[in-house]
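Fold and contact review
The residues making up each chain are set out below.
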Amino acid sequence: MNLTVKNIVRFVLFFVLQVLVLNQIEIGTGAQIMIYPLFIFLLPVELNVIFLMAIGFALGICIDAMSNTYGLHASSLLTMAYLRPAIFRIFAPRDGYDALLETNLYTMGSKWFVKTFGILLLVHHFWFFMLEMFKLNEVLYVFQKTGLSALISFLISVFLQFLFLRKPKRNEA
Amino acid sequence: MRNFLAFIRRFRVLLLFVLLQGLALSMYFTFLTFPRSQYMTTASYISGHAFEFTNNITQYLHLKKNNTALQKENVRLRSKLPQNLLQLDREYITINDTLHRIQYEYLPARVINSTHSKRNNYFTIDIGSSQRVERGMGVISSKGVIGVIQNVSENFAVVRTCLTEKVRIAAMIESTGEHGFIDWKGENSKYGTLSGISNDSKIKKWDAVVTRGSAGMFPQGIPIGKIVSSIIIEGKPLWDITLLFAENFRTVQRVYVVKNQLSREQAQLEAHHQSTNTQ
């Protein structure tokens, strides 16, 4: 499938899944499942950061419009998109990224995925909950919410990749 | 000029980031305090209809609980009907009651989208300005207070529930008449706080907290919750009272919007009073 079409379909699917399913699930203790950062994460590596931020902002605004958060999701997703190239550069493999492969759990290995996606997801969640509470004396509660939500979001993101992404065939000599 | 363009080209990523971030944050903070339009909320046309569609599928999940609650309310109201009362004095029968006039009307509505674990939680209901809903009207359920209308579109409205920071619903303790405001600390959707009660008064556990009816949003005496605990705030002569909400915000589906027919009169009088005081 064409890369653009594939990502547009993904955009819609992530949006619908987040707004109509995951936003309705409430686990208690303030945890909130947010898997749409995975969409930004899975976009092609060589995509310009300007496009990355524009797409992130657009997806965030769409989710905001459906959950009465007025720009909160947009702001945190924008931050994550802005930081993605830097994090990718830090954890780049020895011979650089393969431009043809998608940067998912299978192609890059679980160790790399845990590090990069873990950091980006934590940044996204921390930014989100910090702005949502916006009080310094509740910072412990923000940490609790961030940690718990990031853990659940991470597990669900991994699970989604197990479900929908196919393992690339390796032709070893 | 060339330097300026070079500067922009050099820092274009950072500049775009700051620009978009500023846009998002200014939107977030202005809408949080002054909600002006309904386009970015769940009251808008598209999201309203989307949530109505999903609610039509999922509303059966809490149907049993809601039906029992409504039936209980019916029993309570039915017991107040005149035909169920024994008439003690047969001399006077009033047919046209001219001493009472309806002040509050109730518009039934269905909750089509709700959250309860965020810092500020909103409900979307399926009636709007075409059903004469206006911003600032109160919303109650069969068990107690839900919140205040925040945004209205043609067919939908967003309710700022008791589970928001600074919902500021005027409340009083039913037995003593001491009054304060309802707030929510953001941790548990079952418990809220009542602030502004002076600590020279005694607080009894399980005393009912009801609406004060001072702002004209709610009639007086609609239950909000029951007092669970009270601590003295350090350095202030005030109680920090925790109350258990009467309504379970997680399962509520049917609500009523309170329409006060005299609200305009009260607002006019109070505005007039304020303007003459400042002169």
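Right, let's walk through the structure included here. Remember, predicted model here, so these are calculated numbers, not experimental data.

1. Concerning the overall build of chain A
- Within chain A, the regular secondary structure consists of seven helices and zero strands.
- Taken over the C-alpha trace, chain A has a radius of gyration of 16 Å; the compact-globule value for 173 residues is 16 Å, and the two agree within 12%.
- On the principal axes, the C-alpha backbone points of chain A span a range of 60 × 30 × 30 Å.
- Here chain A holds 173 residues, and the buried ones make up 51% of them.
- Restricting to contacts in chain A with at least 6 residues of sequence separation, those with at least 24 account for 72%.

2. Some thoughts on the overall build of chain B
- Scanning chain B for helices and strands turns up five helices and 12 strands.
- Oriented by its inertia axes, the alpha-carbon framework of chain B measures out at about 100 × 50 × 45 Å.
- For chain B, the residues scored as buried account for 41% of the 279 residues in total.
- Looking at chain B alone, contacts between residues at least 24 apart form 61% of all its contacts between residues at least 6 apart.
- As displayed, chain B offers around 17,100 Å² of accessible surface, 56% of which is attributable to carbon and sulfur atoms.

3. Some remarks on the side chain of Lys259(B)
All names here are of chain B.
- If you trace the backbone, Lys 259 turns up in strand E12 (residues 254-260).
- Of the side chains bearing the opposite charge, Glu 134 lies closest to the buried Lys 259, which forms no salt bridge; the N-O distance is 4.2 Å.
- Setting aside chain neighbours within four positions, we find Lys 259 in contact with Gln 103, Tyr 104, Glu 105, Arg 132, Glu 134 and Met 137.

4. Remarks on the sheet that holds strand E4 (residues 145-152) of chain B
- Strands sit in the order E1-E2-E5-E4-E3-E12 (chain B) around a closed barrel of six strands; the barrel is antiparallel. Adjacent strand axes in the sheet meet at a mean angle of 45° when their direction is disregarded.

5. A closer look at the packing of helix H4 (residues 72-90) of chain A against helix H6 (residues 110-133) of chain A
Residues and elements named next belong to chain A.
- With their axes 9 Å apart at the nearest point, H4 and H6 run at an angle of 150° to one another. The angle between H4 and H6 falls in the class roughly antiparallel. Both H4 and H6 take part in a crossing whose hand is right-handed. Facing Leu 72, His 73, Ser 75, Ser 76, Leu 77, Thr 79, Met 80, Leu 83, Arg 84, Ile 87 and Phe 88 of H4, the residues of H6 in contact are Trp 112, Thr 116, Ile 119, Leu 120, Val 123, His 124, Trp 127, Phe 128, Leu 131 and Glu 132.

6. Quick look at helix H3 (residues 45-58) of chain B
- With 14 residues, H3(B) extends 20 Å between its outermost C-alpha atoms, agreeing within 8% with the 20 Å of an ideal straight helix rising 1.5 Å per residue.
- Inspection of H3(B) places Ser47(B), Gly48(B), Phe51(B), Thr54(B) and Asn55(B) among the buried residues, and these make up the whole buried set. Here the buried residues of H3(B) occupy an arc of 135° about the axis, which is enough to place them on one side. Those residues of H3(B) that are exposed and aimed more than 90 degrees away from the buried face are Tyr45(B), Ile46(B), Phe53(B) and Ile57(B).
- Looking at the buried residues of H3(B), the elements they touch are helix H1 (3-21) and helix H3 (49-65) of chain A together with strand E1 (104-114) of chain B.

Criteria and thresholds
- Residues numbered from 1 in each chain as written.
- Chains lettered and ligands numbered in written order.
- Predicted model: local features only at pLDDT ≥ 70, side-chain atom pairs only at ≥ 80, totals over all residues.
- Heavy atoms only, no water.
- Helix = DSSP H or I, 4+ residues; strand = E, 2+ residues; numbered from the N terminus.
- Rg over C-alpha atoms; globule rule 2.2 N^0.38 Å.
- Buried < 20%, exposed > 50% of the residue type's maximum accessible area, 1.4 Å probe, protein only.
- Contact = heavy atoms within 4.5 Å.
- Areas by Shrake-Rupley, 256 points an atom, 1.4 Å probe, with all protein chains shown as cover.
- Lys, Arg positive; Asp, Glu negative; His and termini not counted.
- Salt bridge = Lys/Arg side-chain N within 4 Å of Asp/Glu carboxyl O.
- Pairing = 2+ DSSP bridges.
- Axes fitted to C-alpha atoms, helices over the stretch in contact; angles between N-to-C directions.
- Parallel < 35°, antiparallel > 145°, perpendicular 65-115°, else oblique.
- Left-handed = near helix turned anticlockwise from the far one by under 90°.
- Expected span 1.5 Å × (residues − 1).
- Arc of directions from axis to C-beta.

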